[in-house]
Amino acid sequence: MGKFVLGAVLALTLGAGTAFAEVPKPAAQAWSFNGVFGTFDRAALRRGLQVYTEVCAACHSLSLVYYRHLQSVGFSEEEIKTLAREFEVEDGPNDDGEMFTRPAKPTDPFASPFPNAQAARAANAGALPPDLSVMTKARKGGEDYLHAVLVGYRDEVPAGVEVMEGLFFNEYFSGQQIAMPPPLADGAVEYADGTKATVQQMSMDVVTFLAWAAEPTLEDRKRLGIKTLLFLLVLTAMLYALKRKIWSDVH
Amino acid sequence: MTSPTWNNPVVKWIEYRLPVFSFTQDHLIDYPTPKNLNYWWNFGSLAGITLTIMIVTGIVLAMHYTPHVDYAFESVERIMRDVNYGWLIRYVHMNGGSMFFAVVYIHIFRGLYYGSYKAPREMLWIIGIIILLTMMATAFLGYVLPWGQMSFWAATVITNMFSAFPLIGEPIVTWLWGGFSVDNPTLNRFFSLHYLLPFVIFALVFLHLWALHVHHSNNPLGIDTKGPQDTIPFHPYYTIKDLFGLGVFMLVFLGFVFFAPNFFVEPDNYIKANPMQTPTHIVPEWYLTPFYAILRAITFDIWFIPAKLIGVIAMFGSVLILVLVPWLDTSKVRSARYRPIYKQVYWFFLIDCIVLGWVGFNSPDAMFMGAVSFLRIGQVATAYYFLHLLVVLPVLGKLERPRSPPESISAAVTKDSDTVTEAA
């Protein structure tokens, strides 16, 4: 068994370089949360939540994120309650020993579309839609890559590429054949704030939302980081001055 | 060195029974230190501080982490999302691993440049190499704990290395796993050992310092201190210099923590471990890639010894051989400053190690600039690694004609300052 696994691993690592067609590098996007001072665009987050809820959530879970987490990006308690109530979750057992369903509460994680992985596969022709909680950190290229995949479907398949039954051609997906049908189409959602729901717009919005889902403490981190580094910079400069002073009698 | 006498009765009472006050005075305050240490000597104290940071953050993380295959990944994310400042503690611990190795590698290469491993500091060096080995084991164990894809497959690949040994190999692997695959018992024991080993490192660091304080620090000139004119007390001179160095180090360290916390991480480790799905590209963390490159460089059997076994031996050998460096290097002159040829092969060796690290990141089959496979580059670099240590070092010590180092540190320092004054 051991030898087999190592052999398989070596074979796979050996083969990795040649197995797939050249996938273009995703273009860098101007995300609102880029850079030292970047923060999540609140309007984009709301739109992105809407895209996730109305489109992605049909297949993809977000099981590490709780409804209550939305409070940190400006959702009111009432809004969160209303949002959560739209979903049914299983709870129990009750005093009779029965499991029951009830509307979700802010203290619940985002409701999953399928009860388990087997059900998810059964409903998706054998493919498992991955959980999206840390998706932007789980793919090389992060947000840029996710956006590239979401807008990377092509109707015209390049010459010489044979797309397998049940798969779709996607320019940016590893192997360029993806089981996920094109999830976005112009006008797939109707934005409450009147923004035009183009594929490009929805993709940018939902990726912003997923970036927040993967790193909800990003803004706290950067804020504390700026303060800490400024403090350290001053402290280190003073330590250097002190060092010069103390050492002045040595040379 | 005479310690001051204390008048405070409590201090006197304690001092008589356990001389902690004179110990502190002798080893942290008056401790005579060569006056010419440069900034490369900061990395020892930085390593000690990083170890402390790792232990403190690690203990806090352990309060919130669940070592179970069903919950480990989720509990780490819970730390990131719901524990107060959990994201900070975890990012410090995660990047701290990389920082620790960076600091220790610089510390080791400083020792190699200035000949700090030579008599009478061989024990100091050997303990250092044992610390490095223990660090590698600890880092590997810790990397498995978040139970991501890389965690799981790194655990699988590394434990499987032991299967290369004939007869005993397979039983050893089963014993390490606590079963017939990497599973919950493996994760549990890895957590237990990951908590234990840092304290072993701490004890080893104590021995390292003990050995250091017997013959004191080497210095850039590589000559012995001749008397009080060559030394200055550790405090305040080196306490302030180390503190300034710490400030610069923390700027870099926390720069990563706050603004690029996932810089060193493989994205695959944010995918929960899946025994049914092998990642296309299994790579260890950057600080282990040189050794991974050596492991994979051996693709040929020698006689009846299978390639895999030779690879494993070469990999362990590449670290263990460092223990012999004090004897492999036959030159009597410590510092590379006075060894014109060593000074050059030293840089060549350093580049060789960096090349190995770079090769370890790439799949052996991939071509560099379309011309040469990474496997071939790795093989040449591995060959040079051992050639440098086993042939170049011993032969060079005999053949090279070193320049003569200055008489004493103070002589050199006065001469230097004379030149500076003249130039001014």
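Just so it is clear, the model here is predicted, and its values are computed rather than measured.

**Q** Would you explain unusual backbone geometry in this entry?
**A** In most cases, non-glycine residues show a negative phi, while peptide bonds are predominantly trans. Cis geometry is found at the peptide bond from G92 of chain A to P93 of chain A, where omega equals 0°. Its place among the elements puts P93 of chain A in the loop between β1 (88-91) and β2 (100-103). Residue P236 of chain B is reached from H235 of chain B by a cis peptide bond, and omega for that bond is 10°. Here Q176 of chain A, not a glycine, exhibits a phi torsion of approximately 60°, which is positive. Looking at where Q176 of chain A falls in the secondary structure, it is placed in the loop between β3 (168-169) and β4 (177-178). The phi torsion at M369 of chain B lies on the positive side, around 55°, for a residue other than glycine. Turning to its location among the elements, M369 of chain B is positioned in the loop between β3 (367-368) and β4 (372-373). Overall, the relative accessible area of 70% leaves M369 of chain B in the exposed class.

**Q** Help me understand the confidence of the model for chain B, please; the structure alone is not making it clear to me.
**A** Detailed conclusions should not be drawn from predicted coordinates in areas where pLDDT is low. Residue and element names in this part refer to chain B. Taken residue by residue, chain B gives an average pLDDT of 94. The fraction at 70 or more is 96%. Across residues 417-424, where pLDDT falls below 50, the model places 0 contacts with residues more than four positions away in sequence or in other chains. Two summary scores accompany this predicted model of the complex, namely pTM at 0.92 and ipTM at 0.90.

**Q** Just checking my understanding: could you explain the domain arrangement of chain A for this structure?
**A** Note: interface size is frequently given as the accessible area lost on complex formation between the parts. All names here are of chain A. What the domain assignment reports for chain A is domain 1 (4-65 + 112-216) and domain 2 (218-251). Centre-to-centre separation of domain 1 and domain 2, based on C-alpha positions: 42 Å. Summed over the shared surface of domain 1 and domain 2, the number is 2 salt bridges. The interface formed by domain 1 and domain 2 contains 6 residue pairs in polar contact (both at pLDDT 80 or more).

**Q** Just checking my understanding: could you explain helix α11 (residues 289-297) of chain B for this structure?
**A** Burial within α11 of chain B is extensive, with 9 of its 9 residues counted as buried. Residues of α11 of chain B that are buried: T289, P290, F291, Y292, A293, I294, L295, R296 and A297 of chain B.

**Q** Looking at this structure, I do not really get the environment of E54 of chain A. What am I missing?
**A** All names here are of chain A. Structurally, E54 can be placed in helix α2 (residues 42-54). Note on E54: relative accessible area 48%, which makes it partly exposed. Separated by 135 residues in sequence, E54 and V189 place their C-alpha atoms 7.2 Å apart.

**Q** Is there a simple way to think about the interface of chain A and chain B in this case?
**A** Contacts between the two partners involve 50 residues from chain A, matched on the other side by 53 residues from chain B. Both faces combined, the contact of chain A with chain B buries some 4,400 Å², and carbon together with sulfur accounts for 72% of it. Applying the counting criterion to the chain A and chain B interface returns 1 salt bridge. We note a salt bridge from R68 of chain A to D82 of chain B, for which the minimum N-O separation is 3.0 Å. Viewed at the interface, chain B and chain A are joined by 10 residue pairs in polar contact (both at pLDDT 80 or more). Among the elements of the structure, α1 (2-19), α5 (135-138), α7 (199-214) and α8 (218-247) of chain A are those that each provide at least two residues to the side of chain A that touches chain B. Per-element accounting of the side of chain A that touches chain B gives the leading share, 17 residues, to α8 of chain A. Looking at the side of chain A that touches chain B residue by residue, the class counts come to 29 nonpolar, 10 polar and 11 charged.

**Q** Whenever I open this one, the packing of aromatic side chains confuses me. Can you help?
**A** In this description, a pair of aromatic rings is defined by centroid distance and the angle of the planes. Tallied over the full model, the rule gives 50 aromatic pairs over all chains. Note on Y113 of chain B and W347 of chain B: the rings are 6.2 Å apart at their centroids and 55° apart in plane angle, and the pair reads as tilted. Remark: W347 of chain B occurs in helix α14 (residues 340-361) and Y113 of chain B occurs in helix α5 (residues 86-114); sequence separation between them is 234 residues. Each ring, one from F256 of chain B and one from F264 of chain B, has its centre 4.9 Å from the other, and the planes form 50°; the classification is tilted. In this structure an aromatic cluster arises from ring pairing among W41, F109, Y113, Y114, Y342, Y346, W347, F349, Y385 and F386 of chain B. Lying over the aromatic face of F75 of chain A, R46 of chain A brings its terminal NZ or CZ to 4.2 Å of the ring centre. Sitting over the ring of W247 of chain A, K241 of chain B keeps its end group 5.2 Å from the ring centre.

**Q** Just to check I follow, could you spell out the packing of helix α6 (residues 122-144) of chain B against helix α9 (residues 184-215) of chain B for this structure?
**A** In a pair of packed helices, the angle between the axes and the distance between the axes together describe the arrangement. Residues and elements named next belong to chain B. Where α6 meets α9, the axes come as close as 9 Å, and the angle between the chain directions of the two elements is 160°. Accordingly, the angle class assigned to the pair α6 and α9 is roughly antiparallel. The element α6 and its partner α9 pack so that their crossing is left-handed. Class assignment for the residues of the contact of α6 with α9 results in 21 nonpolar, 6 polar and no charged.

Procedures and definitions
- Residues numbered from 1 in each chain as written.
- Chains lettered and ligands numbered in written order.
- Predicted model: local features only at pLDDT ≥ 70, side-chain atom pairs only at ≥ 80, totals over all residues.
- Heavy atoms only, no water.
- Helix = DSSP H or I, 4+ residues; strand = E, 2+ residues; numbered from the N terminus.
- Buried < 20%, exposed > 50% of the residue type's maximum accessible area, 1.4 Å probe, protein only.
- pLDDT = per-residue confidence, 0-100.
- Contact = heavy atoms within 4.5 Å.
- Domains from an automatic or database assignment.
- Salt bridge = Lys/Arg side-chain N within 4 Å of Asp/Glu carboxyl O.
- Polar contact = N/O pair within 3.5 Å; in protein donor to acceptor, adjacent residues only side chain to side chain.
- Buried area = accessible area lost by both parts, 1.4 Å probe.
- Nonpolar A, V, L, I, M, F, W, Y, C, P; charged D, E, K, R; others polar.
- Phe/Tyr/Trp six-rings, centres within 6.5 Å; stacked < 30°, edge-to-face > 60°.
- Lys NZ or Arg CZ within 6 Å of the ring centre and 35° of its normal.
- Axes fitted to C-alpha atoms, helices over the stretch in contact; angles between N-to-C directions.
- Parallel < 35°, antiparallel > 145°, perpendicular 65-115°, else oblique.
- Left-handed = near helix turned anticlockwise from the far one by under 90°.

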